[in-house]
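Single-letter residue listing:
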Amino acid sequence: MFVSPLKRICLGLLAGLCCALPAQAGEPGTQEQVRKFAADAHFNGVVLVGKGSRAEYVEAFGVKNAEAKELLARNSRFFVGSVGKWLTSIVVLRLVDEGKLALDEPILTYLPEYRADTGKQITLRHLISHGSGLPNGLMDAFKKDPSIESETRPQAEAVTRYARGDLVFTPGTRFDYNISNWILVQAILERVSGQSYAQLAQRLVFKPLRMADSGIAAGEAGNVPNLALGYRSLEPKVERRIYNLPNYLVTGGGFYSTADDMLRLNHGVLSGKLLSAASRKALLTVERPGSAYALGGRVRTYETKEQAAQTVATNDGTSGAYRTVSWRVLDDGRTVIILSNLRPDDSKLFAFTESLLGLQSAPKEN
């Protein structure tokens, strides 16, 4: 009888599975619902369902390192893609609360060497809500030379090369999902603080929220301990998909974390006291209504079974093989965290997330 490579790995490690997957009971039917999704979608990753600060159900499925025959565990680390932009926006707002930054100050204030004609029009709010009007210089360069995904260069040089083109629209008038924005944000954060972005995230977010398993790295080149390796496929053969990131773009995709740390982040920011009330309101205020985009992430309103509507912070991310869902209902703190190192089908993933949170209909864009 043929046994697939993935099944052989999992069967071989089954004896250690219980120790690797500590979990709580959660709501009735949660385990059954999650395991059915995992089986149907051939899911490889970790699912956490929680409320407030408490993880009510956590389970890991599949492999962390297929070559070494290591299973995923609750504390396995994953890159979380564009959820890192939400983290960066939180770091920005922490510095706003410290009086070192202002969302609506022209970026020329912080980078006086930047071109004056556009630098006096663009603000941090424009950058972190994808409304800057800048051309996407980095993406244009990547299309011509994909090897730049692993390049290293000084931040100021990256700004000059990729993030100072002529405006393609008036800042604040349109939504344009533009990764070059985050090169400028990183330059501003590091200039104002005198610290690297990794040091800033540690000081302003990870340490106060006790996120001991989270950090910032330029993809797998950062040699992240306990990292779930990314895979293009596991069957019929194992094929890796290595994630690389330029050093000057870690604000846009260099955040790695665990399911439990992601819950700490959601709770500490959205229900806790990490941010001032004014900054938390700014984080959740939709700036680009057609895309439900606020600052670094999306905020949507859903119909539910029990109430007329629920507002949900819906942060999603993709980086190489990694796929992340980090959704939290703002009224009661119900949270779903899904981390995968083998990208699942998006339509199944989002339908599953909505089902876990009891969200009934397509979201109404704010």
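Shown above is the structure to which this text applies.
Here's a quick rundown of the structure. (Residues numbered from 1 in each chain as written. Predicted model: local features only at pLDDT ≥ 70, side-chain atom pairs only at ≥ 80, totals over all residues. Heavy atoms only, no water.)

1. Observations regarding the sheet that holds strand β1 (residues 45–51)
Sheet architecture is open: 6 strands sit in the order β2-β1-β13-β12-β11-β10, paired in antiparallel fashion. Two strands bound the open sheet, and with one partner strand each, they are β2 (54–61) and β10 (298–302). Going from strand to strand, the sheet's axes swing by 15 degrees on average, the running direction of each strand aside. Of the strand pairs in this sheet, β1 and β2 are connected by 7 bridges, and their pairing is antiparallel. In the strand pairing of β2, L48 is matched with V58. Those strands touched by helix α3 (residues 30–41) are β1 and β2, and its axis lies near 30 degrees from that of β2. (Pairing = 2+ DSSP bridges. Helix = DSSP H or I, 4+ residues; strand = E, 2+ residues; numbered from the N terminus. Axes fitted to C-alpha atoms, helices over the stretch in contact; angles between N-to-C directions. Contact = heavy atoms within 4.5 Å.)

2. A look at the pattern of salt bridges
Applying the stated criterion to the full structure yields 21 salt bridges. The partner of E98 in a salt bridge is R203, and the shortest N-O contact between them spans 3.4 Å. With E98 in the loop between α4 (83–97) and α5 (116–119) and R203 in helix α10 (residues 197–206), the pair connects residues that are 105 residues apart, well separated along the chain. On the accessibility criterion, R203 (32% relative accessible area) is partly exposed. Its salt-bridge partner being D261, residue R264 comes within 2.6 Å of it at the nearest N-O pair. Separated by 3 residues within a single helix, R264 and D261 lie in helix α12 (residues 259–270), roughly one turn from each other. Assessed through its relative accessible area of 38%, R264 is described here as partly exposed. Through salt bridges that share partners, E98, K100 and R203 make up one connected network. (Salt bridge = Lys/Arg side-chain N within 4 Å of Asp/Glu carboxyl O. Buried < 20%, exposed > 50% of the residue type's maximum accessible area, 1.4 Å probe, protein only.)

3. What about the packing of aromatic side chains?
A full pass over the atoms with the stated rule returns 14 aromatic pairs. Ring geometry for F37 against F352: centres 3.9 Å apart, planes inclined by 5 degrees, an arrangement best described as stacked. With F37 in helix α3 and F352 in helix α14 (residues 346–357), the pair connects residues that are 315 residues apart, well separated along the chain. Accessibility expressed as a relative area gives 9% for F37, which makes it buried. With centroids separated by 5.7 Å and ring planes inclined at 65 degrees, the aromatic side chains of F79 and Y322 adopt a geometry described as edge-to-face. Remark: Y322 occurs in strand β12 (residues 322–329) and F79 occurs in strand β5 (residues 78–79); sequence separation between them is 243 residues. Accessibility classification places F79 together with Y322 in one group, the buried group. Ring-pair connections join several aromatic residues into one group, and the members of that group are F37, F43, F61 and F352. Positioned above the aromatic ring of Y231, the side-chain terminus of R240 is 5.7 Å from the ring centre. (Phe/Tyr/Trp six-rings, centres within 6.5 Å; stacked < 30°, edge-to-face > 60°. Lys NZ or Arg CZ within 6 Å of the ring centre and 35° of its normal.)

4. Description of the packing of α4 against α10
Look at α4 against α10: their axes get within 10 Å of each other, and the N-to-C directions meet at 75 degrees. Taken together, the axes of α4 and α10 are roughly perpendicular relative to one another. Where α4 approaches α10, its residues G84, L87, T88, I90, V91, R94 and L95 are matched on the opposing element by Y197, L200, A201, R203, L204, V205 and F206. Grouping the constituent residues of the contact of α4 with α10 by class yields 10 nonpolar, 2 polar and 2 charged. (Parallel < 35°, antiparallel > 145°, perpendicular 65-115°, else oblique. Nonpolar A, V, L, I, M, F, W, Y, C, P; charged D, E, K, R; others polar.)

5. Digging into α10
Residues of α10 that are buried include every one of Y197, L200, A201, L204, V205 and F206, and no others. Projection of α10 onto a plane perpendicular to its axis shows the buried side chains occupying an angular sector of 150 degrees, all on one side. (Arc of directions from axis to C-beta.)

6. Points about the pairing of β1
The buried fraction of β1 amounts to 6 of the 7 residues, a majority that puts the element mostly inside the structure. Pairing geometry for β1 and strand β13 (residues 334–340), over 7 bridges, is antiparallel. Residue pairing across strands places G45 opposite S340, the latter belonging to β13. Taking the residues that link successive antiparallel strands as the turn, the β1-β2 hairpin has 2 residues, and the phi of G52 there is positive, at about 65 degrees.

7. Points about unusual backbone geometry
At the junction of E235 and P236, the peptide bond is cis and its omega measures out at 0 degrees in the coordinates. Mapped onto the secondary structure, P236 falls in the loop between β7 (231–233) and β8 (239–240). A positive phi angle, close to 60 degrees, is found at H130, a residue other than glycine. Positionally, H130 belongs in the loop between α6 (124–128) and α7 (137–144). One non-glycine residue, R210, adopts positive backbone phi at about 60 degrees. Within the fold, R210 resides in the loop between α10 and β6 (215–216). Exposure remark for R210: the relative accessible area of 70% places this residue in the exposed category.

8. What about the nonpolar core?
A general trend in soluble globular proteins is that nonpolar side chains are found buried together. If you look at the biggest cluster of nonpolar residues, it comprises 86 residues, and the most contacted ones within it are V205, L265 and V269. For this core, the element with the highest residue contribution is α4, accounting for 8 residues. Every residue in contact with V205, bar those within four places of it in the chain, is listed here: L87, I90, V91, L200, M211, L265 and L274. Judged by nonpolar contacts, the second largest core, of 21 residues, contains V47, Y57, F61 and Y302. (Core = buried A, V, L, I, M, F, W, Y, C linked by side-chain atoms within 4.5 Å.)

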